[in-house]
Structure formats: structure tokens, C-alpha cells
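Summary of the model geometry
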Amino acid sequence: MTAIGAQAQHLLAHRRPQKCFFETLIRSLIILCVAIAVVLSSISICDGRWLFARGQLFGLWHFCTVSNDSVLKCVTDLSLAQVEGLSVGAIPIRSMVSFAVVVAIFGLELLMVSQVCDDANARRKWAMGSVLILISFLLSATGVLSFSILVKDHLTFTGFTLTYWCEFIAAFLFFLNGISGLHINSLTHLRNGVGKI
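In short, a report on the structure. All residue numbers refer to positions counted from 1 along the written sequence of the respective chain. Where local features are concerned, this predicted model is filtered to residues with pLDDT of at least 70; where side-chain atom pairs are given and counted, the filter is 80 or more; whole-chain, interface and lining totals use all residues. Excluding hydrogens and water, the side-chain figures rest on all heavy atoms present in the structure.

Moving on: the overall build of the protein chain. Within the protein chain, the secondary structure is distributed over 5 helices and 4 strands. Helical segments are the DSSP runs of H or I of at least four residues, strand segments are the runs of E of at least two, and each set is numbered from the N terminus. The secondary structure elements of the protein chain, listed N-terminal to C-terminal, are α-α-β-β-β-β-α-α-α. Split into buried and exposed, the 197 residues of the protein chain put 37% on the buried side. A contact between two residues is defined here by any heavy atoms of the two lying within 4.5 Å. Within the protein chain, contacts between residues separated by at least 24 positions form 68% of all contacts whose residues are at least 6 apart in sequence. We get accessible surface area from the Shrake-Rupley algorithm with a probe of 1.4 Å; when it comes to residues, only the shown protein chains can shield them. Carbon and sulfur atoms form 70% of the exposed surface of the protein chain, whose accessible area is close to 11,500 Å². Each residue's exposure class comes from its accessible area (1.4 Å probe, protein chains only) as a fraction of the maximum for that residue type: buried when under 20%, exposed when over 50%, partly exposed otherwise.

And the structure:
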């Protein structure tokens, strides 16, 4: 065997196995769903008006009242809502859900980089990105639950606004895609390990 043939065999032996179409498709769908969740969560946080009850609009940033002539009057002083703990509790809730978006963006970046750069650390980057997405779920879900607990006296199922449901769905998507990302990573690791034996 010539030296070139030996080098070619050595390179082929250490080359990563090619991904199948369905694995690439599933990973792409996970990345797409995480991106949608980041957009939904960002919209929800920027608007921040999560509950409408008895002519009042409760939110992360504003408290609004609807007057008799249907004019919305908003203030940033949440203590005017006369909900115990809302003015103080809104601060950590805002921080948690905002930080959830930041963590999700870093997780999304790791997921995308692991697919574009097909190197030895791609599996590790994918796993780390999935873990960051799960951390985003924990932060987001804690924020949504904490807000619901703070305004429990005003809660009605139909009172939740569209932006609240955006945050709720984003938290669900973070959970679903974080778990799916870790699961597909473990499945492909097992398949690649069996292929080497």
C-alpha cells in the first residue's frame, strides 16, 4: 500500500459518520421551534400586559385602567394596582423571564453552531444548547407561575391576554425542545457507538 493510500484510509477511519436525513430534519425543526419560542417570549415580555380583569390590565411593566369612555390609562407604578406584593414581585418576575430569553438565545446559538460546524465537539455543543434551553424553560415557567400567584385574586381563565399565552406557549416550547434535543443527542450517540463496534 502506498503512503497516500494509507493516509486516505486513516482519514476515512477518523471521519464522523454522516447524519441521516431524518436526524438533520429533526434537529432543524428543534432549532426552528426554539427560534419561534424566543420570538414569542420576547414579544410577551416587551408588551408585558398579561391579565385583564374587572376593567384593569395587570402587567410586568404597567398597570392600566379602562375608563368609562374606553380610554386606557396606564401607569408604571404597580403599587396603584392595590395587589399585595405586585410592585415588589414584578421585579424578579421581569428579571426571570427576560433572563430566560437571553439564556435561550445562547442555547439557540449553540444548537445552530453544532449543526454548521461539524467537528468533534458538535455533540457537546448540542447537549449544552439543549441544557440552556431547559434552563430557559425553568426561568420562564417560574415567572409565569409567580405572576399567576401574585394576581390570584383577579384570575379568570378568559382574563389572560394573548401576550400571557405567548409566554406560556414559549415556556412549553422551551421544555419540549430542550428535552427533545437531549433525547435525539443520546439516540444518535448510541447509534454511532454501536456502529463503531
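For Ser 44, the location among the structural elements is in helix H2 (residues 21–47). N or O atoms closer than or at 3.5 Å make up a polar contact, with two conditions inside protein: a donor-capable atom paired with an acceptor-capable one, and, for residues adjacent in sequence, both atoms drawn from side chains. Reaching out from Ser 44, the side chain makes a polar contact with the side chain of Trp 50 at a distance of 3.1 Å. Filtering out sequence-adjacent residues up to four positions away, Ser 44 remains in contact with Trp 50, Thr 163, Tyr 164, Cys 166 and Glu 167.

Right, let's talk about H2 for a bit. Look at H2: 39 Å from first C-alpha to last across 27 residues, which is about the 39 Å you get at 1.5 Å a residue. Burial in H2 covers these residues: Glu 23, Arg 27, Ile 30, Ile 31, Val 34, Ala 37, Val 38, Leu 40, Ser 41, Ser 44 and Ile 45. Where H2 ends, the next residue or the one after it, Gly 48, has phi of about 75°, a positive value. Expected helix span is given by 1.5 Å per residue-to-residue step, counting one fewer step than there are residues.

Once that is clear, we can look at the environment of His 183. For His 183, the position within the fold is in helix H5 (residues 162–196). Taking the C-alpha atoms as reference points, His 183 and Ala 127, 56 residues apart in sequence, are found 9.3 Å from one another.

Our focus in this paragraph is unusual backbone geometry. Here Arg 54, not a glycine, exhibits a phi torsion of approximately 55°, which is positive. Within the fold, Arg 54 resides in the loop between strand S1 (49–53) and strand S2 (56–59). In this model, Gln 82 sits at a positive phi of 55°, which is unusual for a non-glycine residue. Relative to the helices and strands, Gln 82 resides in the loop between strand S4 (72–75) and helix H3 (86–116).

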